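# A structural walkthrough
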Amino acid sequence: MKLNMASMALLAASLSSTSSLVCAFTRPANHRGALTTLSKLHFSTTKEPTQQQSTIRRRKAFKQNTATLLSRASTFTNYKDGALFLSTTEESTTTAVNGASASSDESNLDSLFPNKGKSIIDLPPRMRFAPSPTGSLHVGGARTALYNWLVAKKGQLDFVEGDGGFVLRVEDTDVARSTKESEDSVLADLSWLGLTWDEGPNTPLAKYGPYRQSERSTLYSKIANSLIESGKAYPCFSTPEELDAMKARMEAEGIPPRYDGTWRDADPEVVKAKIDAGDLYTVRFKVPAGARVVIDDAVRGTVSWDAEATVGDFILLRSSGVPVYNFCVAVDDASMGITTVIRAEEHLTNTLRQGLILDALGAPRPRYAHCSLILGEDKQKLSKRHGATSCNQFRLDGFLPDAMINYLALLGWNDGTDNEIFTREELIDAFDIDRIVKSPSVFDMDKLKWVNSQHLKRMEVEEILDLVEEQLGFMGMIKEGADEAKKSDFIFATTALAKQMLETTQDAATNAKTVLGYSLPAAFADLEDGSEAKEMVKQGNFYGIAMKIIEMYESGSFPIPNSSNLLAAFMDGSNKAIVEDNQVGGDETSYPQAYKATMKSVAKEMKVKGKNLFHPVRLALTGEMSGQDVTKQMSLLALASEDDTAVNAEAADVVTIEARMEKLKGFCDSIPEEFRASKQASDDAANRSKDGKKQTKAEEEAAAAAPAVADPLDGYEGPSITALDIRVGRINKVWVHDEADKLFCEEIDVGEDEPRQIASGLRPYMNAEDLEGRMVLVLCNLKARKLAGFPSHGMVLCASNEDHSVVKLVSVPVEAKIGERVTVPGFDFEGEEGAPYAENKVGKKKVFEKIAPFLQTSEYGVPTFGGRPLLTSAGVCTSPINKGSVS
């Protein structure tokens, strides 16, 4: 059979003049050869050949536009789904060109298998992902696709001129469950993840297609017939009733059920007669007597099966002519030249049947790596009951594709360091099959959010605007047909406001909705008993400050955002987005500066400062006790309240400043008289009366004129230091982490029944022998998580200089008690209010991240929080680093 000359010319030109199926990446110069680490993946039944790795110069491969290739290919009548098909006057087949076609001469079947007679380890990696289109792409399948993709991309960089690549094959032989909608969904999810395939459905001019098993039936039939003719398979006419009886008999005899070989060596004449009579039959594989299959799995080590005892003669083609799964997989792997198969451990048992078929075809087996399952936090197989598991749901929830593949890569693999954040290119360079771990991985949603947050931190505001717009759209917060300029301003402000605290892009939208709402209850009695807000109102400062704000607003003297420059709070002097919450934009005449001046005036008039001012103001204006900078919040509210705003006020729950002031008045009216005056002022007056002294007017004026001593915690609105559970601990044991070059593993006594195991990045700074026996400070209420596979529960606090080039342990007084909690003067660590937060709350609310900037060492090396020393029962903690940070 011959391809028409025009088709052949087009195919040759496309494949020789471009490397259209190779994706190009730039790589560090010290890259390790992809095949060096894969050379162990041989079958133990054969001797591993030696391989001389040649030095290959990498160069960027030209990638022709896919749309152009599709357009060119569509001009040929025999082009279908990414392949050019052969045809003869006798028949039309659905097999592809260049060796993937079947000839009527069965002796030519060898040409179907491009790797026949070659050493797999000498070939560029050809990897495949083969989903069944029966549902969405879930976490486990996405990880499998990723691992195969990484090996393929690495191989393409080493063998630019080779045939390596990432193949997408749709295994849709389950006719009852396979749907086009599911296939489209899986392909869309892979595209979202950036796992683009070099060959697959709709790939132009791919030479091993088609890539849907449902379109390869002729090939399966031809190969099944060739196996029958060579005596390696046979027709089986056993009826379902006979097979059921056979199974029942074997179970009664205590024998594992398997086919008993009734038709294995049947008289050829009898077989021919039954075929001629139209009797239904299956095609069974003839398992060789005494056959044993042995593989050297990259993850699981040597695995072997007694084939004859385990499976018996198994079916290749059903009586309907539909091929079974394992037959299709073996044929496809061989005919598509697949060199390495990475898949889930649940497919390990399939390797037995597939290996037997490949051996019978004379095609080399691929290398295998069977990855362990992914479990939920309850250590059960990950499923829908554990929350989102489909890739599309993660997209809807605001996760980044690069963060997803970063986290998926870590579910069963690490690079041997404590690094957990990788770019796509870094993953390609670092990924090594030999470092896939055998133990199951646990899917941790909090860890995924942390990884996502790290990727978001590396991105500029402008890079995530479209993603935030998508999330606002999901929540219906943007009007259809809204003014583009106003929409852009609102999206920019929403993103800049939340950028520093983002775990997902969805957080920007939910944060905006919180900011635009106003959760102050209608009455004081409606505040939750014991809540931070209620206790603050009881202190008495709130009433006077809130009434002052209302008075100023109604008189027009309270500053509000300037409608001509509503983005002032979000932009610095060079018109760059401000993402740090402690930085505010605008010049001397802008709203943020006017607001700041007003607060100074109120502080002086009301004789309050610090949290006694800022907490009441925040609650009065925003309805919340914590959050981002108030001027930024009020600016976002102004954007959502302006004329012809782009914001859907109903969907966004917008409460305007006018509505807030009305609600605030009602709330203030409900505050009991006893909470309308400052307790501190009342206590001071009582003390003066008790002492029999009265401050003269001159003394009052002198006190007012005296310069205030700056308190480092003035303006601090983060969680109290009491939220952290910092304890004195003693390091009992230190050892080097087997798989991470920068990690020490430490066993630390923190006063609990059992010592904790903690991984720290101290190895580059200290020796193990210097750590053993040392007393240290340990942050204990961090959620346990794995660092490079090591379960770490807590963090050792250290002092470091500005650029972190010098890191030292915080020194604890020798008389301190193991397990005692470290305290800070001026904070009540007793009772319910002083109890540390639960581990989940510390993580979710980023408590340590908010407190950390205020943990510093003084000019004398004393670790402090806001200038106040960290204390034990035996005295003050110290460090050898002056004016540094503690983390």
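Residues numbered from 1 in each chain as written. Predicted model: local features only at pLDDT ≥ 70, side-chain atom pairs only at ≥ 80, totals over all residues. Heavy atoms only, no water.

## Considering the confidence of the model for the chain
- Counting all residues, the mean pLDDT for the chain is 83, and 83% of those residues have values of 70 or more.
- pLDDT under 50 marks residues 1-66. Its contacts with residues more than four places away, or in other chains, come to 134 contacts.
- Throughout residues 76-107 the model reports pLDDT below 50, and contacts reaching past four residues in sequence, or to other chains, amount to 95 contacts. (pLDDT = per-residue confidence, 0-100. Contact = heavy atoms within 4.5 Å.)

## Quick look at helix α17 (residues 484-498)
- Relative to the 21 Å expected for 15 residues at 1.5 Å per residue, α17 spans 21 Å between its end C-alpha atoms, a close match to the ideal helical length.
- For α17, the elements touching its buried residues are α16 (461-474), α18 (505-516) and α23 (630-641).
- With a side-chain oxygen lying 3.1 Å from the backbone nitrogen of Ala 485, the N-terminal cap of α17 falls on Asp 483. (Helix = DSSP H or I, 4+ residues; strand = E, 2+ residues; numbered from the N terminus. Expected span 1.5 Å × (residues − 1). Polar contact = N/O pair within 3.5 Å; in protein donor to acceptor, adjacent residues only side chain to side chain.)

## Thoughts on the sheet that holds strand β7 (residues 282-285)
- Spatially, β6-β7-β10 is the arrangement adopted by the three strands of the open sheet, whose pairing is antiparallel. A single partner strand is all that each edge strand has here, and the edge strands are β6 (233-236) and β10 (315-317). Within this sheet the neighbouring strands show an average axis-to-axis angle of 40 degrees, counted without direction.
- Pairing geometry for β7 and β10, over two bridges, is antiparallel. (Pairing = 2+ DSSP bridges. Axes fitted to C-alpha atoms, helices over the stretch in contact; angles between N-to-C directions.)

## Examining a negative patch on the surface
- Residues Glu 532, Asp 828, Glu 830, Glu 832 and Glu 833 make up a contiguous surface patch of negative charge.
- On the secondary structure map, Glu 832 appears in the loop between β23 (807-809) and α29 (839-844).
- Look at Glu 832 and you get exposed, because its relative accessible area is 75%. (Patch = residues over 30% accessible without salt bridge, like charges linked within 9 Å, V, L, I, M, F, W, Y side chains within 5 Å. Areas by Shrake-Rupley, 256 points an atom, 1.4 Å probe, with all protein chains shown as cover. Salt bridge = Lys/Arg side-chain N within 4 Å of Asp/Glu carboxyl O. Lys, Arg positive; Asp, Glu negative; His and termini not counted. Charge placed at Lys NZ, Arg CZ, Asp CG, Glu CD. Buried < 20%, exposed > 50% of the residue type's maximum accessible area, 1.4 Å probe, protein only.)

## Observations concerning the pattern of salt bridges
- This structure, assessed with the given rule, holds 39 salt bridges.
- Between Lys 783 and Asp 446 there is a salt bridge, with the nearest N and O atoms lying 3.0 Å from each other. Within this pair, whereas Lys 783 is found in the loop between β18 (775-779) and β19 (785-787), its partner Asp 446 is found in helix α15 (residues 445-457), the two being separated by 337 residues in sequence.
- By relative accessible area, which is 30% here, Lys 783 ends up partly exposed.
- The shortest N-O distance in the salt bridge between Glu 551 and Lys 548 comes to 3.9 Å. With Glu 551 and Lys 548 both in helix α20 (residues 541-555) and three residues apart, this pair spans about one turn of that helix.
- Given a relative accessible area of 48%, Glu 551 falls into the partly exposed group.

## Comments concerning the packing of aromatic side chains
- Per the stated rule, a full pass over the model turns up 16 aromatic pairs.
- When the centroid spacing of 6.4 Å and the interplanar angle of 55 degrees are considered together, the rings of Tyr 220 and Phe 327 count as tilted. Of this pair, Tyr 220 sits in helix α6 (residues 217-229) while Phe 327 sits in helix α10 (residues 325-335); the two residues are 107 residues apart in sequence, bridging distant segments of the chain.
- Taking relative accessible area as the criterion, Phe 327 reaches 0% and is therefore assigned buried.
- Considering the side-chain rings of Tyr 407 and Phe 443, the 5.4 Å spacing of their centres and the 80 degrees angle between planes classify their relative orientation as edge-to-face. Residue Tyr 407 is found in helix α13 (residues 401-410), and its partner Phe 443 is found in the loop between β14 (441-442) and α15; the two are separated by 36 residues along the sequence.
- For Phe 443, a relative accessible area of 6% puts it in the buried group.
- Looking at Lys 534, its charged tip hangs above the ring of Phe 524, at a distance of 5.1 Å from the centre. (Phe/Tyr/Trp six-rings, centres within 6.5 Å; stacked < 30°, edge-to-face > 60°. Lys NZ or Arg CZ within 6 Å of the ring centre and 35° of its normal.)

## Observations concerning helix α4 (residues 139-158)
- Over its 20 residues, α4 runs 29 Å from end to end, which matches the ideal 28 Å to within 8%, given 1.5 Å per residue.
- Counting buried residues in α4 gives 18 out of 20 residues, a clear majority hidden from the surface.

## Remarks on the environment of Lys 548
- Looking at Lys 548, the relative accessible area reads 14%, which means it is buried.
- A sequence separation of 54 residues divides Lys 548 from Val 602, and the C-alpha atoms of the two residues are 8.2 Å apart.
- Here the side chain of Lys 548 touches Glu 605 through a polar contact of 3.0 Å, side chain to side chain.

## Comments concerning the side chain of Asn 350
- If you trace the backbone, Asn 350 turns up in helix α11 (residues 350-361).
- Apart from the residues lying within four places of it in its own chain, the contact partners of Asn 350 are Tyr 325, Asn 326 and Arg 343.

## Here we look at the pairing of strand β17 (residues 756-760)
- With respect to burial, β17 is a largely interior element, four of its five residues being buried.
- Sheet analysis places strand β16 (residues 744-749) next to β17, joined by five bridges and oriented antiparallel. Looking across to β17, one finds that Glu 746 is bridged to Ile 758.
- Hairpin connection from β16 to β17: six residues lie between these consecutive antiparallel strands, with Gly 751 at a positive phi of about 85 degrees.

## A short note on the environment of Phe 854
- Relative to the elements of secondary structure, Phe 854 occurs in the loop between α30 (847-851) and β24 (855-857).
- Residues Phe 854 and Gly 718, spaced 136 residues apart in sequence, show a C-alpha to C-alpha distance of 10.0 Å.

## Side note on the side chain of Arg 756
- Here Arg 756 lies in strand β17.
- For Arg 756, a relative accessible area of 8% corresponds to the buried category.
- Among the polar contacts made by the side chain of Arg 756, one reaches the main-chain carbonyl oxygen of His 793 at a distance of 3.4 Å.
- Sequence-distant contacts of Arg 756, defined by excluding residues within four places in its chain, comprise Arg 727, Glu 746, Glu 747, Ile 748, Val 750, Cys 780 and His 793.

## Considering the packing of α13 against α15
- Across the interface, α13 lies against α15 with an axial gap of 9 Å and an inter-helix angle of 135 degrees. Taken together, α13 and α15 sit at an angle that is classed as oblique. The handedness of the crossing between α13 and α15 comes out as right-handed. Residues Asp 402, Ala 403, Met 404, Asn 406 and Tyr 407 of α13 pack against Lys 447, Leu 448, Val 451, Asn 452 and His 455 of α15.
- Its residues assigned to classes, the contact of α13 with α15 shows five nonpolar, three polar and two charged. (Parallel < 35°, antiparallel > 145°, perpendicular 65-115°, else oblique. Left-handed = near helix turned anticlockwise from the far one by under 90°. Nonpolar A, V, L, I, M, F, W, Y, C, P; charged D, E, K, R; others polar.)

## Quick notes on the sheet that holds β17
- Read from one edge of the open sheet, five strands run β17-β16-β15-β18-β21, paired in antiparallel fashion. Two strands in the sheet have a free side with no partner beyond their single neighbour: β17 and β21 (795-796).

## Some remarks on the packing of helix α21 (residues 591-606) against α23
- It is the contact of α21 with α23, at a shortest axis distance of 10 Å, that shows an interaxial angle of 130 degrees. As the angle between them shows, α21 and α23 are arranged oblique. The handedness of the crossing between α21 and α23 comes out as right-handed. Of α23, the residues touching α21 (which contributes Tyr 591, Pro 592 and Tyr 595) are Val 630, Thr 631, Met 634 and Ser 635.

## Structural notes on the environment of Cys 391
- Relative to the elements of secondary structure, Cys 391 occurs in helix α12 (residues 391-396).
- C-alpha of Cys 391 to C-alpha of Ala 142: the two residues are 249 residues apart in sequence and 7.7 Å apart in space.
- Beyond its immediate stretch of four places on either side in the chain, Cys 391 contacts Leu 137, His 138, Ala 142, Asp 189, Trp 192 and Leu 193.

## Comments concerning the pairing of β6
- By the alternation rule, side chains of β6 split into Ala 233 and Pro 235 and Tyr 234 and Cys 236, which are all buried.
- Pairing of β6 with β7, which is carried by four bridges, proceeds in the antiparallel orientation. Residue Ala 233 lies in a different strand from β7, and its bridge partner there is Phe 285.

## A word on the nonpolar core
- Judged by nonpolar contacts, the single largest core of 122 residues is most densely connected at Trp 413, Leu 516, Phe 542 and Leu 664.
- Setting aside anything within four residues of it in sequence, one finds Phe 542 in contact with Met 536, Val 537, Pro 616, Leu 619, Ala 620, Leu 664, Phe 667, Cys 668 and Ile 671.
- The next biggest cluster of nonpolar side chains, apart from the first, holds 44 residues, and it includes Phe 113, Ala 206, Phe 314 and Phe 327. (Core = buried A, V, L, I, M, F, W, Y, C linked by side-chain atoms within 4.5 Å.)

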